[in-house]
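One-letter residues, chain by chain:
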Amino acid sequence: MNFCQSQRKMADRSMINDFDTIVIGAGIQGSYTAYHLSKNKKALLIDQFALPHSRGSSHGQTRIIRKSYNKACYTEMMTECYQLWKQLEAEANAELFRQTGLLVLGTEEDPEFQSMKSTLVVNKIPMESLTSEELSRRFPAVNLPKEVSAVLDKTAGTLYADRALKTIQDLFRRLGGTIRDGEQVVDIQPGSLVTVTTTTGIYRAKSLVITAGPWTNKLLKLVGLQLPLKTLRIVVCYWKEKVPGTYGISKGFPCFIRISRDTNQHHFYGLPSNEYPGLIKVCYHSGSGVDPDERDVIFQQPSQDVKLVSDFLSEEFPGLDPKPSIVEYCMYTVTPDQDFILDHHPEHSNIIIGAGFSGHGFKLAPVVGKVLCELSIGKKPSYNLSPFKIQRFQNNLKSLL
Ligand SMILES: Cc1cc2nc3c(=O)[nH]c(=O)nc-3n(C[C@H](O)[C@H](O)[C@H](O)COP(=O)(O)OP(=O)(O)OC[C@H]3O[C@@H](n4cnc5c(N)ncnc54)[C@H](O)[C@@H]3O)c2cc1C
């Protein structure tokens, strides 16, 4: 008899806590799902670490929010996301969003640049197109090659991520939801009632939502499934302004995405200086594969990704010291097509999976949480979820059943 079996056997029925839905993972996606659930249901949110923590993907002070996407399904969801973020701000009386605009920087020939631009035009989203000369006049501290143009998504800005996560968890509790943090889920028994065993308790519910970020496949192993997910260690660097305030939020400097300068490279993105005065956050939109439990192991070699950002900044953001002042870590969980997974477990329809947010999921959490809530209570989802189905990976799914 293994640890979980003996724990279950020992548990007297009165010790098992019953809920309508259990959510595993109190990152932004699980927390938002639990919040939506708590309006009508008895919900439990479990996390392996004591909250707040910085070992997953949702920590840190800021994230970019934008409508400029190269896939219509996300732009469509963003309309409601903006409303729900605003509603959350009002409900909690907290500032969670600051409008800064977002510059998309790329060449007119680049298909991604073109499709981000056309999404803005087609959806009549307030925007402006700028040539590299116009951009230099407006933002003299940016030095782009002549062939690069810019599109300014005026609706975009910064989300205060840590504050948003705490706000949503506080509201969940206020609505009667239960959070059990510092409890790692070690066993899941599917069935019409799903039984979840943690390191300290046993819980049962009519449905289960798994939003475990980089640990998703470790948990899915317990229910016989492996998804084609890669977990990447992202190096988050802050760069010092040579003249403080040059790229400051208070001086109106926007967020930016610099579309790949080279076909072998990924994007760079940045947010104006805000959380650490005099320092701006600029990152590379990729990283090296890592086991989530080993993300913070110190590496001897300086990261190649830091060098890529440093080279980019030396050329195009000359007002920054090209040596990072602060280096932190975060994780992406990426799918092969960079689209999310929002679906039922193929064999157990009352187990719902929200995963693979591929480095762009924070802004979309209000709608992700809404549809995961709908799936878990058997309601028709408010959005067309076909781009997010597990079925699309038919050829690289590993069923352990
Ligand atoms: C550097 C960086 C920059 C980013 N920038 C942006 C941006 O500008 N805009 C944007 O929209 N998105 C951005 N993202 C992406 C966004 O932050 C993520 O998509 C989002 O935070 C994913 O949240 P999650 O809830 O899925 O995962 P997580 O936050 O990782 O949460 C998963 C949780 O599950 C818990 N868990 C796992 N296993 C167990 C278990 N066995 N038992 C109990 N609990 C468990 C973990 O402890 C964790 O708390 C960025 C991400 C990074 C890393």
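Residues numbered from 1 in each chain as written. Predicted model: local features only at pLDDT ≥ 70, side-chain atom pairs only at ≥ 80, totals over all residues. Heavy atoms only, no water.

Looking at this structure, I do not really get the sheet that holds strand E3 (residues 62-65). What am I missing?
Pairing between sheet strands relies on hydrogen bonds along the backbone, with the strands arranged either parallel or antiparallel. If you trace the three strands from one edge of the open sheet to the other, you get E3-E8-E4, paired in antiparallel fashion. The open sheet has two edge strands, E3 and strand E4 (97-99), and neither has a second partner. Sheet twist, expressed as the mean angle between neighbouring strand axes with direction ignored, is 25°. Where E3 lies against strand E8 (residues 157-160), four bridges are found, and the strand directions are antiparallel. Bridged to Ile 65 within E8 is Gly 157. The strands that helix H3 (residues 72-92) touches are E3, E4 and E8; relative to E3, the one it contacts most, it runs at about 135°. Strands in contact with helix H6 (residues 161-174) are E3 and E8; relative to E8, the strand with the most contacts, it is inclined by about 45°. (Pairing = 2+ DSSP bridges. Helix = DSSP H or I, 4+ residues; strand = E, 2+ residues; numbered from the N terminus. Axes fitted to C-alpha atoms, helices over the stretch in contact; angles between N-to-C directions. Contact = heavy atoms within 4.5 Å.)

Any chance you could explain empty space enclosed by the protein here in plain terms?
To find leftover empty space, one rolls a probe the size of a water molecule over the atoms. For the coordinates displayed, the defined rule picks out one cavity of 30 Å³ or more. Within this model, the largest cavity holds a volume of roughly 30 Å³. Around the largest cavity, the lining residues are Tyr 32, Tyr 35, His 36, Lys 39, Leu 84, Gln 87, Leu 88 and Glu 91. Where the lining of the largest cavity is concerned, the elements lending two or more residues are helix H2 (28-38) and H3. Ranked by the residues each element gives to the lining of the largest cavity, the list is headed by H3, at four residues. (1 Å grid on protein atoms, 1.4 Å probe; cavity = no way out; pocket = protein on both sides within 12 Å on 5 of 7 lines; lining within 4 Å. Points joined across faces, edges and corners; volume = space filled by probe spheres on them.)

Explain the packing of aromatic side chains here, please?
Each aromatic ring pair is described using two quantities: the centre-to-centre distance and the angle formed by the ring planes. Tallying each qualifying case throughout the model produces 21 aromatic pairs. Ring centres 5.7 Å apart and planes at 80° place the aromatic pair Tyr 32 and Tyr 35 in the edge-to-face group. With Tyr 32 and Tyr 35 both in helix H2, this residue pair falls three residues apart, about one helical turn. In terms of burial, Tyr 32 and Tyr 35 fall into one category: buried. (Phe/Tyr/Trp six-rings, centres within 6.5 Å; stacked < 30°, edge-to-face > 60°. Buried < 20%, exposed > 50% of the residue type's maximum accessible area, 1.4 Å probe, protein only.)

Help me understand the packing of H3 against helix H9 (residues 365-376), please; the structure alone is not making it clear to me.
The relative placement of two packed helices comes down to the angle between their axes together with the axis-to-axis distance. It is the contact of H3 with H9, at a shortest axis distance of 7 Å, that shows an interaxial angle of 100°. Classed by the angle they form, the pair H3 and H9 counts as roughly perpendicular. Contacts between H3 and H9 involve Met 77, Glu 80, Cys 81, Leu 84 and Trp 85 on the former and, on the latter, Pro 366, Val 367 and Lys 370. (Parallel < 35°, antiparallel > 145°, perpendicular 65-115°, else oblique.)

Just checking my understanding: could you explain the site of the ligand for this structure?
Taken together, 37 residues sit near the ligand, with Asp 47, His 53, Ser 58, Ile 64 and Cys 330 positioned nearest. One of the backbone nitrogen or oxygen atoms of Ile 28 is found 3.3 Å away from an oxygen atom of the ligand. At 2.8 Å from an oxygen atom of the ligand is found a side-chain nitrogen or oxygen belonging to His 53. Bound to the protein, the ligand loses 96% of the 1000 Å² it would expose on its own. Elements represented by at least two residues in the shell around the ligand include exactly H2, E3, strand E14 (230-241) and strand E19 (320-334). When residues are assigned to domains, the shell around the ligand turns out to be shared by domain 1 (3-57 + 162-229 + 337-392) and domain 2 (102-154 + 233-329), each giving three or more. (Near = heavy atom within 4 Å. Polar contact = N/O pair within 3.5 Å; in protein donor to acceptor, adjacent residues only side chain to side chain. Areas by Shrake-Rupley, 256 points an atom, 1.4 Å probe, with all protein chains shown as cover. Domains from an automatic or database assignment.)

What should I look at first to understand the domain arrangement of the chain in this one?
One frequent convention defines the size of an interface as the accessible area lost when the parts assemble. You can read the domains of the chain as domain 1 (3-57 + 162-229 + 337-392) and domain 2 (102-154 + 233-329). Each partner contributes residues to the interface: domain 1 has nine residues there, and domain 2 has six residues. Counting each side, the surface lost to burial between domain 1 and domain 2 is near 600 Å², with a carbon and sulfur contribution of 34%. Considering only the side of domain 1, the residues that lose the most area to domain 2 are Arg 55, Trp 215 and Lys 218, jointly responsible for 58% of the buried surface there. Across the contact surface, domain 1 and domain 2 share two salt bridges. Viewed at the interface, domain 2 and domain 1 are joined by three residue pairs in polar contact (both at pLDDT 80 or more). Tallied by class, residues from the side of domain 1 that touches domain 2 come to two nonpolar, five polar and two charged. (Buried area = accessible area lost by both parts, 1.4 Å probe. Salt bridge = Lys/Arg side-chain N within 4 Å of Asp/Glu carboxyl O. Nonpolar A, V, L, I, M, F, W, Y, C, P; charged D, E, K, R; others polar.)

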